[in-house]
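The chain contents come next:
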Amino acid sequence: VGKKVQAIYLWWHKPVINKELLQSLPHLKVIANSGVGMDHLDLKLVASFGVKMANAPHAVSSSTADTGMALLLASARRLMEVHNISISPSVEYCEADILGVKVAGATLGIIGMGSIGYKIALRAKAFEMNIFYHNRTRRKVQEEQAVSATYCKKIDSLLQQADFVVVVVSLTPQTLKLIGKRELELMKPTATLINISRGPVVDQEALVAALQTGVIGAAALDVTYPEPLPRDHPLLKLKNVIITPHLGIKTDKAAYMITEEAVGNILAALNGLPLPSEVLPS
């Protein structure tokens, strides 16, 4: 049926798009992705076949922002640890040994203030957090004022001030290992790193070392590399780490909205109209 195929809807990176597949689909017009990140696609290769590409940024932003805040709160209040205490056969414990971190009044640093990052800022404002952000381009003054956010032109300033650092960037050659040994050492020894972008944005070896030696206080990760981690990976053995299996967009309503957004992009392409969420190769 290769000659009949005009559109592909990618669900969780499948099917794999490679040169052989593209060559077998001569009438392919569009590839619609179920999510924002496009790092699993060779955008230039796809474009070279005259195929348009689209993602689903609007459908996923709220659910992913919720995931970021859930990880922040769970880490701050050590929910995994206290859950295990609560269900253990012996419930003897000392409250002083499981003190959490107060979120209200704490400083949040957001690296990547796109649609997801901005929705995290909206949620953080409701938690009375002090918000700093770093982005390639500065937000409009009105947008900053709406969430009481302060722009940091350099990432170093944000890392030095934040009690919680949330990473919300796309994976590109420029963001690969954006958070490495140097950046982790700039953070407070009590700070928490939350990654809801892509695993390779953080240097995992450097993160393990930082967590083991007290360079930073904790980490909460919805993404790793690889996914899932090998069962003997050191990150799985640390008490100051929470890991979830890339749950960012996974809610019932988000899945429905993603499909709607993808279908809209596909129909636009098939009818020769501009794609609402077209992604161009950089």
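This structure is a prediction, so every number in the text was calculated from the model and none was measured. (Residues numbered from 1 in each chain as written. Predicted model: local features only at pLDDT ≥ 70, side-chain atom pairs only at ≥ 80, totals over all residues. Heavy atoms only, no water.)

## Brief notes about the sheet that holds strand β3 (residues 52-54)
Selection criterion: Any two strands between which DSSP finds at least two bridges are classified as paired. Helix and strand assignments follow DSSP, with helices taken as H or I runs no shorter than four residues and strands as E runs no shorter than two, numbered in order from the N terminus. Between N-to-C directions, angles cover 0 to 180 degrees, with each direction set by a line fitted to C-alpha atoms, over the stretch in contact for helices.
If you trace the three strands from one edge of the open sheet to the other, you get β1-β2-β3, paired in parallel fashion. Both edges of this open sheet fall to β1 (7-10) and β3, since each of them pairs with a single strand only. Sheet twist, expressed as the average angle between the axes of neighbouring strands with direction ignored, equals 15°. As judged from the three bridges shared by strand β2 (residues 30-33) and β3, these two strands associate in the parallel manner. Looking across to β3, one finds that A32 is bridged to A54.

## Notes on the packing of aromatic side chains
Let me state the cut-off plainly: Each pair of aromatic rings taken from Phe, Tyr and Trp, with Trp reduced to its six-membered ring, is defined by centres within 6.5 Å and is described as stacked if the planes are under 30 degrees apart, edge-to-face if over 60, and tilted in the remaining cases. Any residue under 20% of the maximum accessible area for its type is buried, any over 50% is exposed, and the rest in between are partly exposed; the area is computed with a 1.4 Å probe on protein chains only.
Counted by the stated rule, this structure contains two aromatic pairs. Note on Y133 and Y151: the rings are 5.2 Å apart at their centroids and 50° apart in plane angle, and the pair reads as tilted. Note that Y133 is positioned in strand β5 (residues 130-134) and Y151 in strand β6 (residues 149-151), a separation of 18 residues in sequence. Assigned by exposure class, Y133 and Y151 land together as buried.

## Considering the pairing of strand β8 (residues 192-195)
Condition: Call a crossover right-handed when, viewed with both strands pointing away from you, the route from the first strand across the helix to the second goes clockwise.
What you see with β8 is no split at all: T192 and I194 on one side and L193 and N195 on the other are buried throughout. Here strand β7 (residues 164-167) runs beside β8; their pairing, made up of four bridges, is parallel. The partner of V166 across the bridge, within β8, is I194. In terms of handedness, the path from β7 via helix α8 (residues 181-186) over to β8 forms a crossover that is right-handed. Pairing of β8 with strand β9 (residues 218-221), which is carried by four bridges, proceeds in the parallel orientation. Bridge pairing in β9 links I194 to A220. Handedness of the crossover joining β8 and β9 through helix α9 (residues 204-213) is recorded here as right-handed.

## Describing the pattern of salt bridges
Quick note on the threshold: A pair is scored as a salt bridge if a Lys or Arg side-chain nitrogen falls within 4 Å of a carboxyl oxygen belonging to Asp or Glu.
Considering all chains together, one arrives at nine salt bridges under this definition. Close ionic contact of K181 with E185 constitutes a salt bridge, the shortest N to O distance being 2.7 Å. Placement of both K181 and E185 in helix α8 is noted, with a separation of four residues, approximately one turn of the helix. Given a relative accessible area of 47%, E185 falls into the partly exposed group. In this structure, R182 and E183 form a salt bridge, with 3.3 Å as the shortest nitrogen-oxygen distance. Connected through salt bridges with shared partners, the residues D156, R182 and E183 form a single ionic network.

## Here's the deal with the domain arrangement of the protein
The test is simple: Each domain's extent was defined by an automatic or database domain assignment. In this description, contact between two residues means that some pair of their heavy atoms is separated by no more than 4.5 Å. Values labelled buried area give the accessible surface lost by two parts on being combined, using a 1.4 Å probe and summing over both. For this analysis, a polar contact is any N or O atom pair within 3.5 Å, provided that within protein one partner can donate a hydrogen and the other can accept it, and provided that sequence-adjacent residues contribute only side-chain to side-chain pairs. Under this grouping Gly is polar, as are all residues other than the nonpolar Ala, Val, Leu, Ile, Met, Phe, Trp, Tyr, Cys and Pro and the charged Asp, Glu, Lys and Arg.
In terms of domain boundaries, the protein breaks down into domain 1 (7-55 + 251-271) and domain 2 (60-243). Just the C-alpha atoms count here: the centres of domain 1 and domain 2 sit 30 Å apart. Between domain 1 and domain 2, the residue contacts involve eight residues of the former and four residues of the latter. Of the roughly 540 Å² buried between domain 1 and domain 2, counting both surfaces, carbon and sulfur atoms make up 58%. A salt bridge links R198 to D39; the nearest nitrogen and oxygen atoms lie 3.0 Å apart. The tally of links between domain 1 and domain 2 comes to two residue pairs in polar contact (both at pLDDT 80 or more). In terms of residue class, the side of domain 1 that touches domain 2 is made up of three nonpolar, four polar and one charged.

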